[in-house]
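# A look at the structure
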Amino acid sequence: WGWRRRPNWKKWYPDAMAQLFPVLTGLLPASGLKAQGIYRHFLKIYPDWPQRSRPDNFLGNWPLYLGALMGDRTRVVIYLGNLK
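Residues numbered from 1 in each chain as written. Predicted model: local features only at pLDDT ≥ 70, side-chain atom pairs only at ≥ 80, totals over all residues. Heavy atoms only, no water.

A separate point is the environment of R54. Relative to the helices and strands, R54 resides in the loop between α2 (33–45) and α3 (61–69). In sequence terms R54 and L83 are 29 residues apart; their C-alpha atoms lie 5.6 Å from each other. Apart from the residues lying within four places of it in its own chain, the contact partners of R54 are Y79 and L83. (Helix = DSSP H or I, 4+ residues; strand = E, 2+ residues; numbered from the N terminus. Contact = heavy atoms within 4.5 Å.)

Time to look at the packing of aromatic side chains. Scanning the model with the defined rule gives six aromatic pairs in all. Between the aromatic rings of F42 and Y46, the centroid separation amounts to 5.4 Å while the plane-to-plane angle is 40 degrees, which identifies the pairing as tilted. When its relative accessible area of 0% is taken as the criterion, F42 is described as buried. Take Y46: its relative accessible area is 4%, and that puts it in the buried class. Pairwise contacts between aromatic rings join W12, F42 and Y46 into one cluster. The cationic tip of R52 hangs over the ring face of W12; the distance from NZ or CZ to the ring centre is 4.3 Å. (Phe/Tyr/Trp six-rings, centres within 6.5 Å; stacked < 30°, edge-to-face > 60°. Buried < 20%, exposed > 50% of the residue type's maximum accessible area, 1.4 Å probe, protein only. Lys NZ or Arg CZ within 6 Å of the ring centre and 35° of its normal.)

This part covers the environment of P22. Along the chain, the position of P22 falls in helix α1 (residues 12–24). Sequence separation between P22 and K34 is twelve residues, and the spatial gap between their C-alpha atoms is 9.7 Å. Leave out the neighbours within four places in its chain, and P22 touches L27 and L28.

Within the element layout of this structure, A30 appears in the loop between α1 and α2. Remark: the alpha-carbon pair of A30 and A68, spanning 38 residues in sequence, is separated by 9.7 Å.

Structural data, given as structure tokens:
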């Protein structure tokens, strides 16, 4: 029908995680304004993502990689510290 559905950022997977892919894959450089905007919006919706760490949570590790790409050392260290 040609209708476009907007992603529901409050739906962790696939909607919110799909928004991270352009940065995770290098399509958007992490230093760019678009990537920074995506990360800021992600943090607005999921400020607690470092507390979601579990060794078996594959989908939860995508924000970890994004945080590392974005230079968010504080949240990355918290996430890694929560992996037990």
